[in-house]
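Listed below are the residues making up each chain.
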Amino acid sequence: MPDKVREKIPNTPTPDNAVIFGRIVDILEEARSKVARAINSAMALAYWLIGREIVEDEQKGQKRADYGKALLQDLSRGLNQRYGGGFSVTTLQDCRKFYLTYVHRSAIQHPLGAEFTMPALGTL
């Protein structure tokens, strides 16, 4: 936007527009809050599912400590390369622990009201 046009737009609404401005701010703040909760719920579910994948892979008879360590290191390297970080071996171990802690949880409530049932082992 050209600077001359930008100078004509006030930084705050006029007193006549303050009420509608406040209502619109409320709408946007509520929407942003809902988005943040939905993202947090989706990421928690993603970490639970990642943990489940790791546990299921381990349960295929390859429970040796060396295998698990190599698996997590390989996954960490590949995920960090693809997504740019955030998937340390420790994070993947935490995903595994998160899954094992809540393995018997059959359903969670989606933040937007729809119920999401955790899939049974081996169905995804």
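Residues numbered from 1 in each chain as written. Predicted model: local features only at pLDDT ≥ 70, side-chain atom pairs only at ≥ 80, totals over all residues. Heavy atoms only, no water.

**Student:** How should I be thinking about the overall build of the protein chain in this particular structure?
**Tutor:** When you go through the protein chain residue by residue, the secondary structure sums to four helices and two strands. Its helices and strands in sequence order give the protein chain the pattern α-α-α-α-β-β, from N to C terminus. Taking all 124 residues of the protein chain together, the buried fraction comes to 16%. Put simply, 52% of the contacts in the protein chain that link residues at least 6 apart link residues at least 24 apart. When the accessible surface of the protein chain is totalled, it reaches about 9,600 Å², and 56% of it is carbon and sulfur. (Helix = DSSP H or I, 4+ residues; strand = E, 2+ residues; numbered from the N terminus. Buried < 20%, exposed > 50% of the residue type's maximum accessible area, 1.4 Å probe, protein only. Contact = heavy atoms within 4.5 Å. Areas by Shrake-Rupley, 256 points an atom, 1.4 Å probe, with all protein chains shown as cover.)

**Student:** Is there a simple way to explain the environment of Ser 88 in this structure?
**Tutor:** In this fold, Ser 88 is placed in the loop between helix H3 (65-83) and helix H4 (89-101). On the basis of relative accessibility, which here comes to 31%, the residue Ser 88 falls in the partly exposed class. Sequence separation between Ser 88 and Leu 72 is 16 residues; the distance between their C-alpha atoms is 8.5 Å. Setting aside residues no more than four positions away along its own chain, Ser 88 makes contact with Ser 76 and Asn 80.

**Student:** In this structure, what is going on with the packing of aromatic side chains? I would like to understand it.
**Tutor:** Two aromatic rings, taken as a pair, are described by how far apart their centres are and by the angle between their planes. The tally for this structure, following the rule as stated, stands at three aromatic pairs. Ring geometry for Tyr 83 against Phe 87: centres 6.1 Å apart, planes inclined by 55 degrees, an arrangement best described as tilted. Ring plane angle 65 degrees and centroid distance 5.4 Å describe the contact between Phe 98 and Tyr 102, whose orientation is recorded as edge-to-face. Relative accessible area serves as the criterion here: at 30%, Phe 98 is assigned to the partly exposed category. When its relative accessible area of 37% is taken as the criterion, Tyr 102 is described as partly exposed. (Phe/Tyr/Trp six-rings, centres within 6.5 Å; stacked < 30°, edge-to-face > 60°.)

**Student:** What should I look at first to understand the confidence of the model for the protein chain in this one?
**Tutor:** Any segment with low pLDDT has predicted coordinates that should not be analysed in fine detail. Counting all residues, the mean pLDDT for the protein chain is 79, and 70% of those residues have values of 70 or more. Low pLDDT, under 50, characterises residues 110-114; the stretch is placed with four contacts to residues that sit more than four places away or in other chains. Below pLDDT 50 for its whole length, residues 120-124 participates in eight contacts with residues either more than four positions away or in separate chains. (pLDDT = per-residue confidence, 0-100.)

**Student:** Is there a simple way to think about the nonpolar core in this case?
**Tutor:** Buried together is how nonpolar side chains tend to be arranged in soluble globular proteins. Counting five residues, the largest nonpolar core consists of Leu 45, Trp 48, Leu 49, Val 55 and Tyr 99. Counting residues per element, this core draws most heavily on helix H2 (residues 18-58), which supplies four residues. (Core = buried A, V, L, I, M, F, W, Y, C linked by side-chain atoms within 4.5 Å.)

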